[in-house]
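Results of the structural survey
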Amino acid sequence: MLSNIGIPGLIIILVITLIIFGPKKLPEIGSAFGKTLSEFKRSTNELLEDDDQEAPEPKK
């Protein structure tokens, strides 16, 4: 879904966000979004590692 946005779409989203929240809140929003993305990625990796550890090895 996000791969279809492209550069013009990202610019429009950024401008709309800037208009709604103002220039003082924009860095806070970006920081919160980055932390959320980082936490999501870390959690996903932990879940994948847990699945790998629990999966039984196939018999040869």
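As the structure is a computational prediction, the values presented were derived from the model and not from experiment.

To continue, consider the overall build of the protein. Within the protein, the secondary structure is distributed over two helices and zero strands. A burial count over the protein gives 5% of its 60 residues as buried.

Before going further, it helps to examine the side chain of Thr17. For Thr17, the location among the structural elements is in helix α1 (residues 6-21). Only 2.7 Å separates the side chain of Thr17 from the backbone oxygen of Ile13, close enough to count as a polar contact. Setting aside residues up to four positions removed in sequence, Thr17 forms contacts with Gly22 and Leu26.

Take the pattern of salt bridges next. Charged atoms that come close allow side chains of opposite charge to pair. In total, this model carries three salt bridges according to the counting rule given. Glu28 is the salt-bridge partner of Lys25, the closest N and O atoms lying 3.6 Å from each other. Judged by relative accessible area, Lys25 falls into the partly exposed class, the value being 43%. Where salt bridges share partners, they join Glu39, Arg42 and Glu46 into one cluster.

Turning our attention to α1. The terminal C-alpha atoms of α1 lie 22 Å apart, and with 16 residues this matches the ideal 22 Å at 1.5 Å per residue to within 8%. Looking one or two residues beyond α1, the residue adopting positive phi is Gly22, at roughly 85°.

There is a patch of nonpolar side chains on the surface, built from Ile5, Ile7, Leu10, Ile11, Ile13, Val15 and Ile19 and spanning about 660 Å² of accessible area. Mapped onto the elements of the fold, Leu10 is located in helix α1.

What counts and how
- Residues numbered from 1 in each chain as written.
- Predicted model: local features only at pLDDT ≥ 70, side-chain atom pairs only at ≥ 80, totals over all residues.
- Heavy atoms only, no water.
- Helix = DSSP H or I, 4+ residues; strand = E, 2+ residues; numbered from the N terminus.
- Buried < 20%, exposed > 50% of the residue type's maximum accessible area, 1.4 Å probe, protein only.
- Polar contact = N/O pair within 3.5 Å; in protein donor to acceptor, adjacent residues only side chain to side chain.
- Contact = heavy atoms within 4.5 Å.
- Salt bridge = Lys/Arg side-chain N within 4 Å of Asp/Glu carboxyl O.
- Expected span 1.5 Å × (residues − 1).
- Patch = residues over 30% accessible without salt bridge, like charges linked within 9 Å, V, L, I, M, F, W, Y side chains within 5 Å.
- Areas by Shrake-Rupley, 256 points an atom, 1.4 Å probe, with all protein chains shown as cover.

Remember, this is a structural readout, not a statement about activity or role.
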